[in-house]
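So the chains spell out like this:
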Amino acid sequence: MHDWTADTRSDYERKGFASRAGFGAKPALLVIDFINGFTDPGTDLGGDFSNEIEVTARLQAAFRAAGLPVAYTTVAYHPDLSDGGTFVKKVPALGLLVRGTPWTEVDDRIRPEPGEIVAEKQFASAFFGTDIDSRLKAFGVDTLVLTGCTTSGCVRASAIDSMQYGYHTVVVRDAVGDRAAGPHEANLFDIDAKYGDVVDSGEVLAWLAGEGGRADPERAVDDFRRWWAAGEPEAAVR
């Protein structure tokens, strides 16, 4: 913990911040941008997220075993970056993520199963410029469990939008990562104070083993995959 966190947390709680929103009834796991361009430490975008990916893999297996949806996001651009707007001007390193290259593919350590959802985006939030909210809402998902990278970028943006779209938002502390400890810790603190519950993976796994694991006895993931594919057959399912 950084020196400032204890006093700030106490002050925030006294003023009515950092309450618990908890879990809802229909969860989905959303893996944000654990793609090769970010998970290869040798790229200008990358970092070593081995531990976070290992935790994500455990959560992935638990959600699959419970018959609950697992979705992924990737970032991909046209070769001329014309769909990247000022984001690619602000972060020129994003030019690595050209559509169709291996850099935009989900890391093999958490490779999507056939039929699982991989949603493409061009900006930070999983919701901006995508139809992920309408698809999740149509299916009845009310809780999003977030893993991925980076904590200060796409995870934070997605957590804020998740809350704004009405989801119980859970960010898994040991399954999200950043390129530096300072931005990582500061953003986890702020997300937990305002936008979602930041919890360890053990709490999510315990919940899945209890009420969460019984939330959808009809094997929701199969219906989810079929429904997602029917909505956007050419791009939504890989």
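As a reminder, the structure under discussion sits directly above these lines.
This one's a predicted model, so the numbers in the text were calculated from it and none came from an experiment.

Colleague: I'd love a proper account of the overall build of the protein, names of residues and values included.
Modeller: Helix and strand counts for the protein stand at nine helices and six strands. Considering the protein as a whole, with its 238 residues, one finds that 50% of them fall into the buried category. In the protein, the share of contacts with a sequence separation of at least 24, taken over all contacts with a separation of at least 6, comes to 79%.

Colleague: Account for helix 6 (residues 151–164), naming residues and giving values.
Modeller: Along helix 6, the residues that are buried comprise Thr151, Cys154, Val155, Arg156, Ser158, Ala159, Ile160, Asp161 and Ser162. The elements touched by buried residues of helix 6 are strand 1 (27–32), strand 3 (117–121), strand 4 (143–149), strand 5 (168–177) and helix 7 (181–194). Positive backbone phi, approximately 95°, marks Gly166, located one or two places after helix 6.

Colleague: Describe the nonpolar core, listing the residues and the values that go with them.
Modeller: Within the largest apolar cluster, 32 residues are counted, with the highest numbers of intra-cluster contacts made by Phe38, Phe63, Leu97 and Val204. Broken down by secondary-structure element, the contributors of at least two residues to this core are strand 1, helix 3 (50–65), strand 2 (70–75), strand 4, strand 5 and helix 8 (201–209). Examining the composition of this core, we find that four residues originate from one element, helix 3, more than from any other. Those residues in contact with Val204 that lie beyond four places of it in its chain are Phe23, Leu59, Phe63, Val145, Val170, Val172 and Val199.

Colleague: Summarise the pattern of salt bridges; cite the residues concerned and give the values.
Modeller: Summed over all chains, the structure comprises 14 salt bridges. Put simply, Arg64 and Glu116 hold a salt bridge, and the shortest N to O gap is 2.8 Å. With Arg64 in helix 3 and Glu116 in the loop between helix 4 (87–90) and strand 3, this pair connects stretches of sequence that are 52 residues apart. Per residue, the accessibility class of Arg64 equals that of Glu116, and both read buried. Here Arg99 and Glu120 are joined by a salt bridge, their closest N and O atoms 2.6 Å apart. Taken together, the residues Arg99 in the loop between helix 4 and strand 3 and Glu120 in strand 3 connect sequence positions 21 residues apart. Looking at Arg99, the relative accessible area reads 31%, which means it is partly exposed. A relative accessible area of 26% places Glu120 in the partly exposed class. Connected via shared salt-bridge partners are Arg20, Asp192 and Asp197.

Rules used in this analysis
Every chain is numbered independently, its residues counted from 1 as its sequence is written. Two thresholds apply to this predicted model, a pLDDT of at least 70 for residue-level local features and 80 or more for giving and counting side-chain atom pairs, whereas whole-chain, interface and lining totals are computed over all residues. With hydrogens and water stripped out, all remaining heavy atoms of the structure feed into the side-chain values. Helix and strand assignments come from DSSP, with helices taken as H or I runs of at least 4 residues and strands as E runs of at least 2, each series counted from the N terminus. Under the scheme applied here, a residue whose accessible area is under 20% of the maximum for its type counts as buried, over 50% as exposed, and between as partly exposed, the area being computed with a 1.4 Å probe on protein chains only. Two residues qualify as a contact provided that any one of their heavy atoms is within 4.5 Å of a heavy atom in the partner residue. Nonpolar cores were defined as sets of buried Ala, Val, Leu, Ile, Met, Phe, Trp, Tyr and Cys residues, with membership established by side-chain atoms within 4.5 Å. Any carboxyl oxygen of Asp or Glu within 4 Å of a side-chain nitrogen of Lys or Arg constitutes a salt bridge here.

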